[in-house]
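Below are the chains, spelled out letter by letter.
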Amino acid sequence: MRLNTFVLNAPFYNPALLARDVASVDQLTGGRLELGLGAGYVEAEFEAAAIPFESGGKRVGRLEEAVATLRRLFADPEYQPRPAAQAGPPVLLAGLG
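Only a predicted model underlies this, so the values are computations on that prediction, with no experimental measurement involved.

Asks: Whenever I open this one, helix α3 (residues 56-75) confuses me. Can you help?
Replies: Residues lying three or four places apart along an α-helix face the same way, a consequence of the helix completing one turn every 3.6 residues. The terminal C-alpha atoms of α3, which comprises 20 residues, lie 29 Å apart, in line with the 28 Å expected from a rise of 1.5 Å per residue. Looking only at α3, the buried set comprises R59, L63, A66, V67, T69, L70, L73 and F74. Summarising the axial view, the buried residues of α3 lie within an arc of 160°, below the 170-degree limit, and thus occupy one face. Residues of α3 that are exposed and point over 90 degrees away from its buried face: G57, K58, E64, R71, R72 and A75.

Written as structure tokens, this is what we have:
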């Protein structure tokens, strides 16, 4: 059985802190985590979190930055905490809606 986050709005997270949390949960689940990430498209969610609702291009850029950071950190053999799998959990990407 896998554990899935559904879709997290990447602009809501600092990519380095997200990597730490993802790696920790992946360890705790024995490598069964699947990470869902998206750019976010519901303006009210951003307003409720007091996060600026930027253009679609900027939100996709933040998604791209998050994925690149996860890949870079998980590829570093010195990175701690280590995800259960060398490359980290699978990442499922969502569109803008």
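Asks: Would you take a moment to explain the nonpolar core for this structure?
Replies: Nonpolar side chains in soluble globular proteins tend to be buried together. Counting 17 residues, the largest nonpolar core has L37 and F74 as the members making the most contacts within it. Of all the elements in the fold, those that place two or more residues in this core are α1 (15-28), β3 (33-38) and α3. The element contributing the most residues to this core is α3, with 6 residues. Among residues more than four places away in sequence, those in contact with F74 are A19, V22, A23, Y79, R82, P83, Q86, A87, G88 and P89.

Asks: Is there a simple way to explain the pairing of β3 in this structure?
Replies: Looking down a regular strand, the side chains alternate between one sheet face and the other. Counting buried positions along β3 gives 5 out of 6 residues, so the element sits mostly inside the fold. Here strand β1 (residues 3-4) pairs with β3 via 2 bridges, running parallel. Its bridge partner lying in β3, L3 is registered against L33. Regarding topology, α1 serves as the crossover connection from strand β2 (residues 8-9) to the parallel β3, and that connection is right-handed. Where β3 meets strand β4 (residues 91-93), 3 bridges bridge the pair, whose relative direction is parallel. Across the sheet, L37 pairs through a bridge with L93, a residue of β4.

Asks: I would appreciate a short explanation of the packing of α1 against α3 in the present structure.
Replies: For any two helices packed against each other, the geometry comes down to the angle between their axes and how far apart the axes lie. One can describe the packing of α1 onto α3 by two numbers: an axis separation of 9 Å at closest approach and a directional angle of 55°. It follows from the interaxial angle that α1 and α3 lie oblique. Crossing of α1 over α3 shows right-handed handedness. Counted together, P15, A16, L18, A19, V22 and A23 of α1 and E65, A66, T69, L70, L73 and F74 of α3 form the full contact between these two elements. Classifying every residue of the contact of α1 with α3 gives 10 nonpolar, 1 polar and 1 charged.

What counts and how
As a convention, each chain's residues are numbered from 1 in the sequence order in which they are written. The predicted origin of the model limits local features to residues at a pLDDT of at least 70 and limits the giving and counting of side-chain atom pairs to 80 or more, whereas totals for whole chains, interfaces and linings rest on all residues. Values shown for side chains rest on all heavy atoms present in the structure; no hydrogens or waters enter the calculation. Numbering of helices and strands starts at the N terminus; helices are DSSP runs of H or I of at least 4 residues and strands are runs of E of at least 2. Expected helix span is computed as 1.5 Å times (number of residues minus one). For each residue, the accessible area found with a 1.4 Å probe, counting protein chains only, is set against the maximum for its type, and the residue is called buried under 20%, exposed over 50%, and partly exposed in between. To obtain the arc, one takes the directions from the helix axis to the C-beta atoms. Among the buried residues, those of types Ala, Val, Leu, Ile, Met, Phe, Trp, Tyr and Cys that are joined through side-chain atoms within 4.5 Å form a nonpolar core. Only heavy atoms enter the contact rule, under which two residues are in contact if any of them lie within 4.5 Å. For two strands to be treated as a pair, DSSP must find no fewer than two bridges joining them. Assignment of crossover handedness uses the view with strands pointing away from the viewer, where a clockwise path from the first strand over the helix to the second indicates a right-handed crossover. Orientation is described by axes fitted as lines to C-alpha atoms, over the contacting stretch for helices, and by angles from 0 to 180 degrees between their N-to-C directions. Put simply, angles under 35 degrees are roughly parallel, angles over 145 are roughly antiparallel, angles from 65 to 115 are roughly perpendicular, and the rest are oblique. For a crossing to be left-handed, the near helix must be turned anticlockwise from the far one by less than a right angle; the clockwise case is right-handed. For this scheme, ten residues count as nonpolar: Ala, Val, Leu, Ile, Met, Phe, Trp, Tyr, Cys and Pro. Four count as charged, namely Asp, Glu, Lys and Arg, and the remainder, Gly too, count as polar.

Don't take any of this as a statement about function, it's just geometry.
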